[in-house]
Amino acid sequence: MSQTTTLRPGGQVVRVQQVFKSVDGRAHALDLLFGQSVGDPSSGVSPGFVFPGQSSIATHATPDSFTSFPSGPGTILADRDASAAPSSSNPTGGITYSRPPTSADFVSSAGASVATFLMHYADIIPARGSVTYSWSFTQAASAGQLATLDAVERDRFAVPQLVITRPHKHAVSRTYSVLVRGRATDAVGIAAVLVAGKSVAVARDGSFVARVDVNHRRNAIQVTAINVGGVSTRTILEVRYRPEACVVPNLGGVTLGRAEDRLRAHDCTFRVRRVHSPRVRAGRVISVRPGAGSRRGPRARITLLVSRGR
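Residues numbered from 1 in each chain as written. Predicted model: local features only at pLDDT ≥ 70, side-chain atom pairs only at ≥ 80, totals over all residues. Heavy atoms only, no water.

On to the overall build of the protein. Per the secondary structure count, the protein includes two helices and 23 strands. With the principal axes as the frame, the protein shows a C-alpha extent of 90 × 55 × 30 Å. In the protein, which comprises 310 residues, the proportion classed as buried is 40%. Of all intrachain contacts in the protein linking residues separated by at least 6 positions in sequence, the fraction that spans at least 24 positions is 66%. A total of about 16,800 Å² of accessible surface is found on the protein, and carbon and sulfur atoms cover 48% of it. The averaged location of the 19 negative side-chain charges in the protein is 24 Å from the averaged location of its 38 positive side-chain charges. (Helix = DSSP H or I, 4+ residues; strand = E, 2+ residues; numbered from the N terminus. Buried < 20%, exposed > 50% of the residue type's maximum accessible area, 1.4 Å probe, protein only. Contact = heavy atoms within 4.5 Å. Areas by Shrake-Rupley, 256 points an atom, 1.4 Å probe, with all protein chains shown as cover. Lys, Arg positive; Asp, Glu negative; His and termini not counted. Charge placed at Lys NZ, Arg CZ, Asp CG, Glu CD.)

Okay, here's the thing in structure tokens:
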């Protein structure tokens, strides 16, 4: 067994990881008890706890036991003094676990100023494999501060979900510009989404959209979602580029943004020249060169004459 303990900057978070490994090439059964103690021996007050699914703090003593741990990472909240609000003299804390135990069994007596419980785990170490247990211990002067710290620590043990809705698997693009759509979700929150190495905006529901230029027969577009705990999920989109001719569309009077989208859809690149016009509103296309209907090679450059206004 090996253990790593890390104190995070600021001194409010301690991370502990224990790894049990098979060293003889055989599988082994584990039956473990990890002791957790909360309180101050000289305080004269009893600490309180809030277990997952509970909404109020309570004191506990032997033979109390909590067994309703939901699957996945979670946090046991603890206050030094169950009868007082959190403060700098009465800090609140969290015991965040990567894997839920089968039970938490109290072994301390009623009214004790240090409450101790045992987290029970039963596992199998696979042959030539290992089992890892990770915890984070957080402490703050208020529930709000603790919630911020705990969100990051819980998310360290979670994996964000990433679903791509466009383009489809093994898509073939006739144009050099590919639209990527998807959704990134996470139990706590998404910190960033990167498409082809560039950060893109993410809506509240986790949806995002990005446009990526392709210029090879085979393109690998990488999409990465990162949660607030720094854990990432990555997928690679394979897109084949089979260009067709650039056929210049009719763009007279349309907005510059719409003109750019239509040119990309026709596999045309472009440059913009802005000129004054007494007839066409500012920001709208006056004309294109070569003219609408012209046929050029893939990714031919088209000149957009865009009005500056009068």
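That was the structure; now back to the text.
Moving on, we get to the side chain of Ser 108. For Ser 108, the location among the structural elements is in the loop between strand S8 (103–106) and strand S9 (114–125). There is a polar contact of 3.1 Å between the side chain of Ser 108 and the backbone nitrogen of Thr 116. For Ser 108, the residues in contact, after removing those within four places along its chain, are His 60, Ala 61, Thr 62, Val 114, Ala 115 and Thr 116. (Polar contact = N/O pair within 3.5 Å; in protein donor to acceptor, adjacent residues only side chain to side chain.)

Pairing is mixed in the open sheet, where five strands are placed in the order S12-S18-S17-S14-S15. Pairing within the sheet leaves two strands with one partner each, and these edge strands are strand S12 (171–173) and strand S15 (198–200). Taking each pair of neighbouring strands and ignoring which way they run, the sheet shows an average axis angle of 35°. Relative to strand S18 (residues 232–241), strand S17 (residues 218–227) is paired through nine bridges, and the arrangement is antiparallel. (Pairing = 2+ DSSP bridges. Axes fitted to C-alpha atoms, helices over the stretch in contact; angles between N-to-C directions.)

Okay, the sheet that holds strand S16 (residues 207–213) next. The sheet built from three strands is open, its strands ordered S11-S13-S16 with antiparallel pairing. Looking along the sheet, the strands with just one partner apiece sit at the ends: strand S11 (161–166) and S16. Strand-to-strand twist in this sheet, taken as the mean axis angle between neighbours without regard to direction, amounts to 30°. Across five bridges, the pairing between S11 and strand S13 (residues 177–185) is antiparallel. Along S13, the bridge assignment pairs Ile 164 with Gly 182.

Position of Pro 160 relative to the elements: it lies in the loop between helix H1 (143–156) and S11. Considered as a pair, Pro 160 and Val 228 are 68 residues apart in the sequence and their alpha carbons are 9.6 Å apart. Once residues within four sequence positions are removed from consideration, Pro 160 is found in contact with Thr 185, Asp 186, Ile 190, Ala 225, Asn 227, Val 231, Ser 232 and Thr 233.

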